Structure formats: structure tokens, C-alpha cells
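Now for the letters of each chain:
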Amino acid sequence: GGPTDFISTLRYVYHTEFDRYRPGYLVYTDKHALRTSDGAKTHLIAGNSTQHGYKEGVGAEARFSDMRGFTQISEKHVVIADCLRLIDHTTHNISVFSGQHKSNGYQNGRPGWFYFPWSVVIDRRGKYQLLITDNWNKAVRTVDVKSQIVGTFVRSESLWAIIGITQDG
């Protein structure tokens, strides 16, 4: 790609990261699909931009209700903040990573319950722990990558509209 290349999409782009699986590409979500692009070529990883819902599957067969954030936990795996689902970058298979879909509640443990998780990052300093903004529960939650056990970092009525999370280092 050169300086005149760009990604064209009919929907908003909610989150982007450099693609750890395909160097020179960006991974991005448009709420219902996860894609990767180098500016000239765009590839669907999972989902469908015009159809939403909740369905496990492979690639375009899968449906996401509200995919806002994601993080790449390895070169091969992406965790989506849509009830925390795992996408295999090589096979495009989608499965539940942690949490329950449409379980508009609050529960730590395994399985954990989330109420509209919005963003997710991997805390490499915390021995591979995920940090998730659980928007309607007004909390920042944790998930251990290996055990998939959900915990709570902070929960407060004063936290409202937690739409992003990032870390230094």
C-alpha cells in the first residue's frame, strides 16, 4: 500500500489495531464484522456487516450483536467484547471465550456475566489478564486468559459510559 490507499467501509469503524497475524494490515470492527486490510485489499475475518445477532460459526456464518472492541491475545487469536468471544485468525472459527450472551447480569467466576461489554485489552503486566469495560454494570472486569475466570477490578455507580480502556507499556 501507498499513501493513496485507504479502507472503504459503509459503517462506522469502532476499533482498530495493527494486525499481529498479517504484518502491514490493520484489524478493525464495524460493529457486526471483524476485518483486516492493508488499504488495497480487505479480508473478512468473521461476522457480517449487514446482519447482526448472536450465532457461533465460521467466518461470515457467525453473527455478532454489538462488537465494539477487541484485542489480539496472540498472533492467532482475537477476543471480541461481544460477550467475550474468541476468533481463530487462521480458521475463522468463533467460540465463546468467557461470559454468557444476553445474560444482562453481574457474576464473577466461570462463567461470568457481562452487561454490554464495550472494550477489552490484554494486560501483559498482569500475567495475561484481560481488562474489560462492562458498561451497564459500571465496572472494569478482569478475565484470566488461561482459566477464563471473570473477576472485578472496580465497580462503582459513579462509572458511567465506560467506552474505552487502554494501558501504557
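In this text the structure is predicted, and so the values were computed from the model without any measurement.

### Remarks on the overall build of the protein
- The secondary structure content of the protein amounts to zero helices and 13 strands.
- In the protein, the succession of α and β elements from N to C terminus is β-β-β-β-β-β-β-β-β-β-β-β-β.
- Residues counted as buried form 47% of the 169 residues belonging to the protein.
- Taking the contacts inside the protein whose residues are at least 6 apart along the sequence as the reference set, 39% of them involve residues at least 24 apart.
- As displayed, the protein offers around 8,800 Å² of accessible surface, 53% of which is attributable to carbon and sulfur atoms.

### Looking at the packing of aromatic side chains
- All chains considered together, the criterion is met by three aromatic pairs.
- Their ring planes at 65° and their centres at 6.4 Å tell us that Tyr-12 and Tyr-14 sit as a pair that is edge-to-face.
- For Tyr-14, a relative accessible area of 31% translates into the label partly exposed.
- Here a set of aromatic residues connected by ring pairs shows up, and it is made of Phe-116, Trp-118 and Trp-136.
- The ring of Tyr-25 has Arg-22 sitting right over it, with the charged end atom 5.5 Å from the ring centre.
- The ring of Tyr-106 is capped by Arg-155, whose NZ or CZ atom sits 3.6 Å from the centre of that ring.

Definitions and cut-offs
- Along each chain, numbering runs from 1 in the same order as the chain's sequence is written.
- Totals for whole chains, interfaces and linings use all residues, but because this is a predicted model, local features are given only for residues with pLDDT of at least 70 and pairs of side-chain atoms are given and counted only at 80 or more.
- Water and hydrogen atoms were dropped before computing side-chain values, which therefore reflect all heavy atoms in the structure.
- A run of H or I in DSSP becomes a helix once it reaches four residues, and a run of E becomes a strand once it reaches two; helices and strands are each numbered from the N terminus.
- Throughout this description, buried means an accessible area under 20% of the type-specific maximum (1.4 Å probe, protein chains only), exposed means over 50%, and partly exposed covers the range between.
- Contact between two residues is taken to exist if any of their heavy atoms lie within 4.5 Å; hydrogens are not considered.
- Computed by Shrake-Rupley with a 1.4 Å probe, the accessible areas treat only the displayed protein chains as cover when residues are assessed.
- Centre distance within 6.5 Å is the pairing criterion for rings of Phe, Tyr and Trp, where only the six-membered ring of Trp is used; planes under 30 degrees apart are then read as stacked, over 60 as edge-to-face, and the remainder as tilted.
- Comment: the charge-over-ring label is applied if NZ (Lys) or CZ (Arg) is within 6 Å of the ring centre and within 35 degrees of the ring normal.

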